[in-house]
Amino acid sequence: MKKLLACLLFISGNWLFAQEDRQYSVEANYFYGNIVEHSPAISHLITHYPEGVLLSFSKKTFGAEAWERRYNYPELGVTFTYQDLKNQYLGENYGLYAHMGFYFLKRHLLLKVGQGLAYATSPYDPDTNYQNNAFGSPVLSTTYLSGNFLWEDIFEGLGFQAGISLIHYSNADFISPNSSTNTAAVNIGMNYLLGHEKEIKYVPKEEEGKYTEPVHVNMVLRSGVNSARIIGTGSLPFLTFSAYADKRLSRKSTLQAGTEIFFSRAMEEYINYHAAAFPEGGTTGEEDAKRVGIFAGHQLTFHKTSVLTQLGYYIYYPYERFVDQVYNRVGLQRELYKDLFASVTVRSHGANAEAVEFSIGYRL
């Protein structure tokens, strides 16, 4: 997961300092909310109302590149969060994110999404903090979403915003336990526009015309480590081989469909454990741990970086007790050189994450 943060910050850093005409903003928000009880397993961890701060540094875009004009001149930046989860077992979390913000309603509504890593001060410990079944490790993957009504440069660069936020913490099943938390909150804060005295004009949007590409074939190798969903078994490697076709419909959107085969040491460990610990349950230990899936997806492109969303189904899954048969994948993809690309994605079954996948692929 440290590689995930490094990748995100590298991408955002390139965007932050890539242009000559620059204008930056800083934000400070206080938030107050509640941990959503997405599972009865975390009910004992919801005792009070969490609060914290979000601090952001962003670069405005003005259309110097075509993709900026397509997305109504978004902003790119980094965000730091501090959250007191108001529970003696959960403690406090510190997060660092790369974020992207999109403007609507004449730039008075800002929708922001951030992805990064968090540090949990009170993770699970079998001796001293076994009650914390939400965070099985001190380092967590974290995502935040926010929607704010925004007024900038009201007086000498100072502005105001207020809205709602959702903050998610999980180790993506890197190690058990991993029940995760989701905090829904309201927030209010101030912003300051650096360089507000300079007038930087937007490059006007132009009609780009229709754009398509023929069908391409992609080959991808995905790997990483995850847990067998059994406390004490540690982290185990996995491999996934994916092959899929894509059809680019526009400069923004590409449709995907394909198949993949999964090899999981964690699933093998899960089968062996249940065969030994619960022989009356029908698990023999000889079950096949491989899975074959088919999936369809969408790729939303921002210059060389894309957001991936895929929905899949295991058509070959002889041992169906490990996870649900329907899965989804969400993450970021970055073009490295021509048709060579890398991605960081989370594969989940509903809200139940199975693994963070680090991938390398080639588009034929």
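Criteria and thresholds
Residues numbered from 1 in each chain as written. Predicted model: local features only at pLDDT ≥ 70, side-chain atom pairs only at ≥ 80, totals over all residues. Heavy atoms only, no water. Pairing = 2+ DSSP bridges. Helix = DSSP H or I, 4+ residues; strand = E, 2+ residues; numbered from the N terminus. Axes fitted to C-alpha atoms, helices over the stretch in contact; angles between N-to-C directions. Contact = heavy atoms within 4.5 Å. Buried < 20%, exposed > 50% of the residue type's maximum accessible area, 1.4 Å probe, protein only.

Engineer: Lay out the sheet that holds strand E4 (residues 92-104) in plain terms, naming residues and giving numbers.
Structural biologist: Strand order in the closed barrel formed by 8 strands is E1-E2-E3-E4-E5-E6-E7-E8, with antiparallel pairing between adjacent strands. Strand-to-strand twist across the sheet, computed as the mean angle between neighbouring axes with direction ignored, equals 25 degrees. Bridge analysis of strand E2 (residues 51-60) against strand E3 (residues 75-84) gives 10 bridges, and the strand direction is antiparallel. Within E3, the position partnered with Phe57 by the bridge is Val78.

Engineer: Explain the sheet that holds strand E14 (residues 326-337) residue by residue, including any values.
Structural biologist: The sheet built from 8 strands closes into a barrel, its strands ordered E9-E10-E11-E12-E13-E14-E15-E16 with antiparallel pairing. Direction aside, neighbouring strands of the sheet carry axes that sit 25 degrees apart on average. Sheet topology places strand E9 (residues 216-226) next to strand E10 (residues 236-248); 11 bridges connect them, and they run antiparallel. Within E10, the position partnered with Val220 by the bridge is Ser242. Helix H3 (residues 265-277) contacts E9, E10, strand E11 (253-264) and strand E12 (291-302) of the sheet and is inclined by roughly 45 degrees relative to E11.

Engineer: Residues and numbers for unusual backbone geometry, please.
Structural biologist: A negative phi angle characterises most non-glycine residues, just as the trans form characterises most peptide bonds. Look at the link from Ser176 to Pro177: it is a cis peptide, with omega at 0 degrees. Backbone geometry at Asn72 places phi at a positive 60 degrees, although glycine is not the residue there. With respect to the helices, strands and loops of the structure, Asn72 is situated in the loop between helix H2 (66-70) and E3. Overall, the relative accessible area of 24% leaves Asn72 in the partly exposed class. Phi at Asp173 is positive, roughly 60 degrees, even though this residue is not glycine. In this structure, Asp173 sits in the loop between strand E7 (158-170) and strand E8 (181-194). Relative accessible area serves as the criterion here: at 3%, Asp173 is assigned to the buried category.

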